[in-house]
Amino acid sequence: MSAQMDNNKENAMAQEGFDPRILGFFCHWCCYAAADSAGVSRYQYPPNVRVVRVMCTGRIDTRFVLEAFKCGADGVFTGG
Amino acid sequence: MSQSGAIMVLGGGVAGVQTALDLADLGYYVYLVEKKASIGGVMAQLDKTFPTNDCSL
Amino acid sequence: MYCPKVVVDTYNERLDITSATHIDYAQAIPASYYIDAKECLRLNYETCNLCAQTCTAKAIDFSQKPKKLKLDVGAVVLTPGFGKVDDSVLEKFGYGKYPDVVTSYEFERLTCASGPTEGHVVRLSDHREPKKIAFLQCVGSRDETCGNGYCSTVCCMYALKEASVAKEHDPDLDVTIFFMDVRTQGKGFDEARKRAVEKYGINVVRARVPRVDEIDGRLGLTWVTDDGKSHSGIFDMVVLSVGLDAPEDAQKIADIAKIELNNYEFCQTTPGQPLATSRDGIYVAGAFQGPKDIPESVTQASGVAAMASELLAEGRNTRTVTLTYPDEDTALEAEEPRIGVFVCHCGVNIAGTVDVKAVRDYAGTLPNVVLYEDTLYSCSQDALKTIAGKIKENRLNRVVIAACSPRTHEPLFQETLRSVGLNPALIEMANIRDQCAWVHAQEPEAATEKSKDLVRMAAAKARLLEPLEQPTVDVTPSALVIGGGASGMGAALSIAEQGYKCVLVEKSDKLGGNLARLTWTMDGQDAAKVLKDLTSRVKKNKNIEVLLETEVEAISGYVGNFSTTVSREGKTEIINHGVVVLATGGKEYKPNTYLYGENNRVLTQLELEQKLKRGKSFLKGANNIVMIQCVGSRGDDMSHCSKLCCTQAVKNALKLKEAKPDATVYILYRDIRTFGFYEDLYREARKQGVQFIRYTLDRKPEVLKAGRGIKVRVYDSLIGEDIDIPANLLVLSTGIAPGENEALAKIIKAPLTSDGFFLEAHAKLRPVEVAVDGVYLCGLAHGPKSLEECMAQAKAAAAKAVIPLAKGRVAVAPIVSRVNQDTCIGCGICESLCPFKAIEIVKVGKKRKAQTITASCKGCGICASHCPTLAISMGGFTDDAIMAQIHAFAGDNCGEEA
Amino acid sequence: MAEVARQALADAGVNPQRMSLEWASAAEGPRFVELITYYVNKIKGLGALGQGENEPEADVIARRLSAAVKAAGARKPRTAFGTLAKKMAKSGDYSPEAVSEAVRTKVMPGLRAERIAEEILICLADGAKSAADLAAMTGADDAEVEKALTALAKKKAVREEGAGWALG
């Protein structure tokens, strides 16, 4: 299935008014920097992600991910 | 006569700023002279820079 | 803010307005308001005075007068930049007459998100989005009618960039760029050009458009292509790619500094000494030395720093002021956390979207927060002072700054903490600008909620922050330079003259590298003289030890303390040094096409030069001489442009014409890339009757055997058919291939580009540094370039290399890993996974224990996340701190909220 | 790590698609925006945690994950994970299939056993339960529960009490 179709299907399924709470773990050098650069360019994206900065995705312990879900996160996005 | 440990850099664009930073790191006192009210020169006006099109801020 | 006088905003290229009292732009340094003396009502008409009365800080004093200062300096560096091409040149293209003809500077501001239209490209006439845009190149460049015979070097690339950015905003936009030649010769530029043209579908037309006409509110252009055909088209907007002029006050600078200018009023320099002016002790860098792009300006900037540092080696550290900080208040740090939260407006950058006051008040409800305030610009000098004061006053021992990115601003706030006796690790930033206000501009409520969450998470982490030691390591005060060509010798000489020991290793049996094969420098001077000067100075210098026929086998250690194994005459030796300069060079590309190696009439440019050096007898009967450009380069074998072959070909064509005036010299080319002042050579060659014929990739020239001779078949687009040129001599511009860099790259762990050259740490801002700390780069090892650029780069690498040597100690980021020796079981998993070889297993007593090599550690944390016994913790990113952030993220949903 | 986290999530009943690992270099602002937008939409599609297809109730997930976090901090599963990471770094084979298979066979059995044991302790905190109840609560089969109980009993963490089990 193409990403596009996947996306459409999931959009259709999306629950009305559901605002997921997502935790992000961003690598200082890569994804965190990319997120900054998106800001500098004023690109717009959904405001659902809260970010924990780490120096590298290698820092991310399985426990962190499990703990986030345990505490009710609807999703965890790790960005290297 | 003993040598001076200070250097004047005339112009606060990207070249001037880089020179001043390196000289300071090398152990010299730098006078960075710029006629405008802020440093950065033309590069500060650029949106993105080639070839990677990032902002280089 | 109260200033009633409206003035045009020059930062936004006059496309917007501001007031006479203003800050140049949002990130300006210093970010304080100043008064434009030319516009101010008070200064010019003695009225108004509104600002002085309303300023609550009483920071405006109209009684200040200009003062003359006398500075005692040992050297002067001129970096005045470039000037702008006169408007009269632009008027030819309808600029000033038709509002939709704009300069590339103006277009840059239009595409910029912080510009007057917030990044929407609109026509200035009706503020509607254009559908068709034309870029006209070489406006004020390569044009003797305006006195600028040189090429401005950067416009081809910036036009492609601006066109790409415009296409990114509006994919349906139709963009055509009119080039004379596409000059994208810088490192990685040709690849970027190809990407831009292919990805965005930018139309490339090789033609010069002479004028712009208005047709029914749109703009009409007419042009003639190589095949002699005339075309015309209508566009909504025309962008003039304006060249770089000499600085307006070049003559004044020259008079004051008593230096010589060239005929275009740029600073006069030579290929062997590109950064030296005609006067000792005065140096030049950047666009004043000749039009150039950012990486080259930055390279030259570091290069002149080395020049001044050589001259004033004895004066080093005599005038510098050492910053002193108060002792750390460890007792306060150990107390129960007292957190201060500062929420920044960043002008309207944050406050325009996020309800800053609400976030501030919310912060006050969080545990351990004893102070919560909002600030207009937290990073401004006076705000930092205020924050410092508040920290002291309220005895804060943890600080949260909710503002921009810690990547750019954390060091600044850490300084503030140090200035009041707090450990710099006791700060946490919440990024509510780059990752919130800016990217959720349409959703102010959600952005405010997100800001609160981010502040809550930051405060939760701040509670658990611990002071970290600021480790430093001693530096071995000497350098290793690998490669004994012009660049290597240049770097070694500079390091030595700056007062440091230097070992220069060369694998062949003599110094000189490619320079030894060159006959003339680009300005036609004797290359052997440059070489002789370099080699004799190297040999004479007591600080330099030259090791010939020596190869590097292994390098271990880290910045400040490297240990290198070299092999020499079958024996190995160990050299200890603090820094490394890579100057391993490149090599001439050897083709297997065009009968090269089969027919002795086929030479490379370097071979031609060597023949010419020996005498001109071989030119007897050589009536037709053909040169083919881009043999190897910009093709299948090497995708990069070799940058210097066009100029080299033109230079050699002129030498041939000088040696044999009646010979016809043909240069078959794709784009003539005689950038900068080399354009003069190109014009001269055309004047001398050198024939330039453009070919395209789908119709490459063919070389055929014709009896004992050869002939070259090339498609002539003007007459529309193939022509055969009987060639008595065929010279191939074969370009520059990378040296054998793979082995060394592995030894050093330095990345290579896809072309096989060494990759710099940052294309623009760190052009002579390698991603590995303490390793620097110059010359052809970095990419193809002329001798002039190699020499500037060698100086730059030397400056960077001397920095750690001059400091004597290198600071290590405190975010490193720490092993708890009690719980470590010595399993070695961390040692095998560390990408930086920064953790090792050592024997402690009888047990094996892991130990961090602090200077090598980058703080990535792989060791910590893989430790079976959780014995490794990361400075500033402890498990507890991250867990606290996760719990704070969850807020009430999590039972474990502290 | 990502694969372990995904399989551990699946073990606890959470749709592993909720966890995502992506790459965007410092220069790739636009790509980052695409990734985030796509991901947020995907999560919207999956619904809130505990309401997705085949997902147990949120409180069950919370209990399972509490146990899983403890399990993921335990020495045995961590050693297995570390050893695997070391082996993969050596072999250089990071194909998704190989990683998934290796995690499934080398890391997960230990991690799951540890999770079940930890969860049993949590389940017993509010009173004794039968082995069958514990199996239902932890989502484990009878054999796994028995194995866990036996091991826990050895450490005197649990004891038999009537027909069921209680904390030791």
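Residues numbered from 1 in each chain as written. Chains lettered and ligands numbered in written order. Predicted model: local features only at pLDDT ≥ 70, side-chain atom pairs only at ≥ 80, totals over all residues. Heavy atoms only, no water.

## Thoughts on the overall build of chain C
- Along its length, chain C carries 25 helices and 46 strands.
- A globule of 898 residues ought to have a C-alpha radius of gyration of about 29 Å, and chain C, at 31 Å, matches this closely.
- Across its three principal axes, chain C shows a C-alpha extent of roughly 95 × 80 × 60 Å.
- In chain C, buried positions account for 58% of the 898 residues.
- Summarising the internal contacts of chain C: among those between residues at least 6 apart in sequence, 67% fall at separations of at least 24. (Helix = DSSP H or I, 4+ residues; strand = E, 2+ residues; numbered from the N terminus. Rg over C-alpha atoms; globule rule 2.2 N^0.38 Å. Buried < 20%, exposed > 50% of the residue type's maximum accessible area, 1.4 Å probe, protein only. Contact = heavy atoms within 4.5 Å.)

## Details of unusual backbone geometry
Residues and elements named next belong to chain C.
- Positive phi outside glycine occurs at T153, with the angle close to 70 degrees.
- Residue position: T153 is located in the loop between β8 (132-139) and α5 (155-169).
- The class of T153 is buried, set by a relative accessible area of 10%.
- Located in the positive-phi region is R634, a residue other than glycine, with phi close to 50 degrees.
- For R634, a relative accessible area of 8% puts it in the buried group.

## Regarding the interface of chain B and chain C
- On the side of chain C, 75 residues touch chain B, which itself brings 42 residues to the contact.
- For the pair chain B and chain C, the number of links is 3 salt bridges.
- Between C:K807 and B:D25 there is a salt bridge, and its shortest N-O distance comes to 3.1 Å.
- The interface formed by chain B and chain C holds 17 residue pairs in polar contact (both at pLDDT 80 or more) in total.
- At the level of secondary structure, the elements contributing two or more residues to the side of chain B that touches chain C comprise β1 (6-10), α1 (14-25) and β2 (29-33) of chain B.
- Among the elements that line the side of chain B that touches chain C, the one with the most residues is α1(B), at 8 residues.
- Classifying every residue of the side of chain B that touches chain C by side-chain character gives 21 nonpolar, 15 polar and 6 charged.
- Strand direction decides the pairing type here: β1(B) and strand β5 (residues 75-78) of chain C, joined by 4 bridges, are parallel. (Salt bridge = Lys/Arg side-chain N within 4 Å of Asp/Glu carboxyl O. Polar contact = N/O pair within 3.5 Å; in protein donor to acceptor, adjacent residues only side chain to side chain. Nonpolar A, V, L, I, M, F, W, Y, C, P; charged D, E, K, R; others polar. Pairing = 2+ DSSP bridges.)

## Side note on the sheet that holds strand β11 (residues 212-215) of chain C
All names here are of chain C.
- On the basis of which strands lie adjacent, the open sheet formed by 3 strands has the order β11-β12-β13 and antiparallel pairing. Each end of this open sheet is capped by a strand with a single partner; those strands are β11 and β13 (230-235). For this sheet, the mean inter-axis angle between neighbouring strands, taken without regard to orientation, is 30 degrees.
- Note that β11 and strand β12 (residues 218-224) share 4 bridges and pair antiparallel. The partner of E214 across the bridge, within β12, is L219. (Axes fitted to C-alpha atoms, helices over the stretch in contact; angles between N-to-C directions.)

## Quick notes on the sheet that holds strand β2 (residues 49-54) of chain A
- Read from one edge to the other, the open sheet built from 4 strands follows the order β2(A)-β1(A)-β3(A)-β1(D), with strand pairing classed as parallel. With one partner strand each, in any of the chains shown, β2 of chain A together with β1 (19-22) of chain D form the two edges of the open sheet. Direction aside, neighbouring strands of the sheet carry axes that sit 20 degrees apart on average.
- Along the sheet face, helix α3 (residues 62-70) of chain A touches β1 (22-27) and β3 (75-79) of chain A together with β1 of chain D and points at about 150 degrees away from the line of β3(A).
- The sheet strands contacting helix α2 (residues 29-46) of chain D are β1, β2 and β3 of chain A together with β1 of chain D, and the helix crosses β3(A) at an angle near 165 degrees.

## Some thoughts on the pairing of strand β33 (residues 691-694) of chain C
Residue and element names in this part refer to chain C.
- Bridge analysis of strand β32 (residues 664-669) against β33 gives 4 bridges, and the strand direction is parallel. Among the inter-strand pairings, L668 is bridged to a residue of β33, identified as I693.
- A crossover connection joins β32 to the parallel β33 through helix α20 (residues 679-687); in handedness this β-α-β unit is right-handed. (Right-handed = clockwise from strand over helix to strand, strands pointing away.)

## Some points on the side chain of C:E106
Residue and element names in this part refer to chain C.
- Assignment of secondary structure puts E106 in helix α4 (residues 104-111).
- The exposure class assigned to E106 is buried, which follows from its relative accessible area of 6%.
- Side chain to side chain, E106 and Y95 meet in a polar contact 2.5 Å long.

## Observations regarding a nonpolar patch on the surface
- A cluster of nonpolar residues, B:V33, C:L69 and C:L71, forms a patch on the protein surface that exposes about 270 Å² of accessible area.
- Classification of C:L69 as exposed rests on a relative accessible area of 72%. (Patch = residues over 30% accessible without salt bridge, like charges linked within 9 Å, V, L, I, M, F, W, Y side chains within 5 Å. Areas by Shrake-Rupley, 256 points an atom, 1.4 Å probe, with all protein chains shown as cover.)

Nothing here speaks to function; it is geometry throughout.
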